[in-house]
Amino acid sequence: ILTKYSYIDRMMQVQCIILTMAIIGGTSGHWSYTGDTGPANWPDQCTQGQSQSPIDIVTSEAKQVGKNKALYFWHYGSQLKGSVVNNGHSMQFNPGKPSKLILTGGTLDKGEKYRLEQLHFHWGSNANQGSEHTMDGIQYALEMHLVHMNTKYIKNDTEALLNDDGLAVVSV
(Lines give C-alpha, C1' and ligand atoms only; values in the text may rest on other atoms or scores of the structure.)
Protein backbone atom coordinates (compact mmCIF):
# COMPACT_ATOMS: atom_id res chain seq x y z
CA ILE A 1 0.00 0.00 0.00
CA LEU A 2 1.37 3.35 -0.99
CA THR A 3 0.95 6.32 1.28
CA LYS A 4 0.44 9.76 -0.20
CA TYR A 5 4.13 10.55 0.15
CA SER A 6 5.54 7.19 -0.95
CA TYR A 7 3.21 7.36 -3.95
CA ILE A 8 4.64 10.75 -4.88
CA ASP A 9 8.18 9.47 -4.41
CA ARG A 10 7.45 6.42 -6.56
CA MET A 11 5.86 8.52 -9.28
CA MET A 12 8.98 10.64 -9.38
CA GLN A 13 11.05 7.52 -9.85
CA VAL A 14 8.94 6.02 -12.64
CA GLN A 15 8.74 8.79 -15.18
CA CYS A 16 5.56 10.48 -13.99
CA ILE A 17 7.25 13.65 -12.88
CA ILE A 18 9.68 15.28 -15.23
CA LEU A 19 11.63 18.21 -13.98
CA THR A 20 12.39 20.62 -16.74
CA MET A 21 14.38 23.63 -15.74
CA ALA A 22 13.22 25.93 -18.46
CA ILE A 23 15.87 28.41 -19.35
CA ILE A 24 14.04 30.90 -21.49
CA GLY A 25 16.16 33.42 -23.30
CA GLY A 26 13.50 35.59 -24.94
CA THR A 27 9.93 35.53 -26.03
CA SER A 28 8.29 32.60 -27.74
CA GLY A 29 6.83 32.66 -31.22
CA HIS A 30 3.43 31.51 -32.37
CA TRP A 31 2.82 27.79 -32.19
CA SER A 32 -0.13 25.40 -32.47
CA TYR A 33 -0.96 21.71 -32.51
CA THR A 34 -1.66 21.61 -36.26
CA GLY A 35 -0.36 22.88 -39.61
CA ASP A 36 2.76 24.94 -40.23
CA THR A 37 3.17 25.78 -36.55
CA GLY A 38 2.32 22.26 -35.27
CA PRO A 39 4.48 19.65 -33.48
CA ALA A 40 6.22 18.49 -36.66
CA ASN A 41 7.67 21.98 -37.03
CA TRP A 42 8.42 22.76 -33.38
CA PRO A 43 12.09 21.75 -33.70
CA ASP A 44 12.47 24.39 -36.45
CA GLN A 45 10.81 27.03 -34.28
CA CYS A 46 12.80 26.21 -31.14
CA THR A 47 16.40 26.27 -32.31
CA GLN A 48 17.93 28.84 -29.96
CA GLY A 49 19.57 27.78 -26.72
CA GLN A 50 20.30 24.42 -25.18
CA SER A 51 17.15 23.99 -23.06
CA GLN A 52 14.34 24.38 -25.55
CA SER A 53 10.96 22.67 -25.58
CA PRO A 54 9.74 20.21 -26.57
CA ILE A 55 12.19 17.51 -25.59
CA ASP A 56 12.14 13.73 -25.82
CA ILE A 57 13.54 12.16 -22.67
CA VAL A 58 15.26 8.93 -23.67
CA THR A 59 15.31 7.08 -20.37
CA SER A 60 18.19 4.76 -21.34
CA GLU A 61 20.36 7.84 -21.92
CA ALA A 62 19.09 9.97 -19.03
CA LYS A 63 21.61 11.02 -16.42
CA GLN A 64 20.70 11.78 -12.84
CA VAL A 65 21.51 15.34 -11.82
CA GLY A 66 21.25 16.78 -8.37
CA LYS A 67 21.47 13.40 -6.65
CA ASN A 68 20.26 13.75 -3.08
CA LYS A 69 19.09 17.30 -3.84
CA ALA A 70 15.36 17.31 -3.26
CA LEU A 71 13.07 19.97 -4.62
CA TYR A 72 11.02 21.68 -1.93
CA PHE A 73 7.50 22.89 -2.63
CA TRP A 74 6.77 25.38 0.15
CA HIS A 75 3.12 26.03 1.09
CA TYR A 76 1.78 23.84 -1.70
CA GLY A 77 -0.75 22.33 0.72
CA SER A 78 -2.33 25.70 1.50
CA GLN A 79 -5.53 27.12 0.07
CA LEU A 80 -4.96 29.18 -3.04
CA LYS A 81 -7.15 31.74 -4.77
CA GLY A 82 -6.68 33.00 -8.29
CA SER A 83 -8.19 33.15 -11.76
CA VAL A 84 -8.56 30.74 -14.64
CA VAL A 85 -8.08 32.07 -18.17
CA ASN A 86 -8.00 30.78 -21.73
CA ASN A 87 -4.57 31.94 -22.94
CA GLY A 88 -5.25 30.92 -26.54
CA HIS A 89 -3.39 27.61 -26.24
CA SER A 90 -4.49 26.19 -22.91
CA MET A 91 -6.37 26.62 -19.69
CA GLN A 92 -4.13 28.65 -17.37
CA PHE A 93 -4.46 29.26 -13.63
CA ASN A 94 -2.96 32.48 -12.26
CA PRO A 95 -2.67 32.53 -8.47
CA GLY A 96 -3.62 35.69 -6.63
CA LYS A 97 -0.67 37.95 -5.86
CA PRO A 98 1.47 37.51 -4.03
CA SER A 99 1.57 33.74 -4.32
CA LYS A 100 2.95 32.01 -1.22
CA LEU A 101 3.89 28.91 -3.20
CA ILE A 102 7.68 28.73 -3.38
CA LEU A 103 10.04 26.27 -5.08
CA THR A 104 13.60 25.78 -3.75
CA GLY A 105 16.32 23.13 -3.75
CA GLY A 106 17.15 20.58 -6.40
CA THR A 107 19.55 21.95 -8.97
CA LEU A 108 18.38 25.52 -8.39
CA ASP A 109 21.06 27.87 -7.09
CA LYS A 110 21.44 27.67 -3.33
CA GLY A 111 19.31 30.25 -1.57
CA GLU A 112 17.28 31.12 -4.68
CA LYS A 113 13.50 31.10 -4.29
CA TYR A 114 11.06 30.71 -7.16
CA ARG A 115 7.43 31.81 -6.72
CA LEU A 116 4.58 30.10 -8.58
CA GLU A 117 3.34 32.53 -11.22
CA GLN A 118 0.98 30.29 -13.18
CA LEU A 119 0.20 26.74 -14.15
CA HIS A 120 -1.16 25.52 -17.45
CA PHE A 121 -1.94 22.27 -19.21
CA HIS A 122 -1.15 20.62 -22.52
CA TRP A 123 -3.66 17.98 -23.60
CA GLY A 124 -4.90 16.21 -26.69
CA SER A 125 -8.08 14.78 -28.13
CA ASN A 126 -7.19 11.21 -27.10
CA ALA A 127 -4.96 9.30 -24.68
CA ASN A 128 -2.08 9.04 -27.18
CA GLN A 129 -1.33 12.73 -27.61
CA GLY A 130 -1.30 16.01 -25.76
CA SER A 131 1.84 16.24 -23.68
CA GLU A 132 4.42 18.76 -24.84
CA HIS A 133 7.34 16.51 -23.95
CA THR A 134 7.74 12.83 -24.71
CA MET A 135 9.48 9.95 -22.96
CA ASP A 136 11.12 7.37 -25.19
CA GLY A 137 9.13 8.86 -28.06
CA ILE A 138 5.79 8.34 -26.32
CA GLN A 139 3.42 11.26 -26.00
CA TYR A 140 0.96 11.22 -23.10
CA ALA A 141 -2.59 12.54 -22.79
CA LEU A 142 -1.82 15.41 -20.43
CA GLU A 143 1.06 17.46 -19.10
CA MET A 144 0.94 20.22 -16.51
CA HIS A 145 3.53 22.98 -16.20
CA LEU A 146 4.05 24.81 -12.93
CA VAL A 147 5.80 28.03 -13.92
CA HIS A 148 7.89 29.67 -11.19
CA MET A 149 9.75 32.99 -11.32
CA ASN A 150 12.93 33.73 -9.39
CA THR A 151 11.86 36.10 -6.62
CA LYS A 152 14.76 38.42 -7.36
CA TYR A 153 12.99 39.31 -10.65
CA ILE A 154 9.45 39.62 -9.29
CA LYS A 155 9.31 43.36 -9.97
CA ASN A 156 10.47 42.95 -13.56
CA ASP A 157 8.99 40.03 -15.57
CA THR A 158 11.02 40.95 -18.65
CA GLU A 159 14.24 40.70 -16.65
CA ALA A 160 13.24 37.18 -15.56
CA LEU A 161 12.71 36.14 -19.19
CA LEU A 162 16.12 37.48 -20.21
CA ASN A 163 18.13 35.71 -17.50
CA ASP A 164 19.05 32.03 -17.31
CA ASP A 165 17.93 31.85 -13.68
CA GLY A 166 14.66 33.72 -14.29
CA LEU A 167 12.19 30.83 -14.53
CA ALA A 168 11.93 27.28 -13.25
CA VAL A 169 9.22 25.09 -14.74
CA VAL A 170 8.19 21.81 -13.19
CA SER A 171 6.49 19.55 -15.69
CA VAL A 172 4.19 16.79 -14.47
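Note: the structure precedes this text.
All residue numbers refer to positions counted from 1 along the written sequence of the respective chain. Reporting in this predicted model follows two pLDDT cut-offs: at least 70 for local features of residues, and 80 or more for side-chain atom pairs to be given and counted; totals over whole chains, interfaces and linings ignore these cut-offs and use all residues. The basis for the side-chain values is all heavy atoms of the structure; hydrogens and waters are excluded.

Trainee: Any chance you could explain the overall build of the protein chain here in plain terms?
Mentor: The secondary structure content of the protein chain amounts to three helices and eleven strands. Counting from the N terminus, the helices are DSSP H or I runs at least four residues long and the strands are E runs at least two residues long. Taken from the N to the C terminus, the helices and strands of the protein chain come in the order α-β-α-β-β-β-β-β-β-β-β-β-α-β. The cut-offs for exposure are 20% and 50% of the maximum accessible area for each residue type, with area from a 1.4 Å probe on protein chains only; residues under the lower value are buried, those over the upper are exposed, and the others partly exposed. Scored against the burial criterion, the 172 residues of the protein chain give a buried share of 29%. Only heavy atoms matter for contacts: two residues are in contact if any of them lie within 4.5 Å across the pair. In the protein chain, the proportion of contacts linking residues at least 24 apart, taken out of those at least 6 apart, comes to 57%. For the area figures, the Shrake-Rupley method with a 1.4 Å probe applies, and any residue is considered shielded solely by the protein chains shown. Accessible area for the protein chain stands at about 11400 Å²; split by element, carbon and sulfur atoms hold 54% of it.

Trainee: Can you help me understand the nonpolar core in this one?
Mentor: General note: in soluble globular proteins, nonpolar side chains tend to be found buried as a group. Counting eleven residues, the largest nonpolar core is built from F93, L101, L103, L108, Y114, L116, L119, F121, L146, A168 and V170. Contributing elements (two or more residues each) for this core: β7 (114-123) and β11 (167-171). Here L103 is in contact with L71, Y72, F73, L108, E112, K113, Y114, H148, A168 and V170, once residues within four sequence places are set aside. With six residues, the next largest nonpolar core counts M149, Y153, L167 and V169 among its residues. Each nonpolar core is a collection of buried residues, namely Ala, Val, Leu, Ile, Met, Phe, Trp, Tyr and Cys, held together in the definition by side-chain atoms within 4.5 Å.

Trainee: Would you mind going over the side chain of R115 with me for this structure?
Mentor: For R115, the position within the fold is in strand β7. For R115, a relative accessible area of 12% puts it in the buried group. Within the structure, the side chain of R115 is placed 2.9 Å from the side chain of E117, a separation counted as a polar contact. The residues touching R115, leaving out its near neighbours within four places in the chain, are K97, P98, S99, L101, I102, V147, H148, M149, T151 and I154. A 3.5 Å cut-off defines polar contacts: any pair of N or O atoms within that distance qualifies, except that in protein one atom must be a possible hydrogen donor and the other a possible acceptor, and neighbouring residues in sequence count only when both atoms are side-chain atoms.

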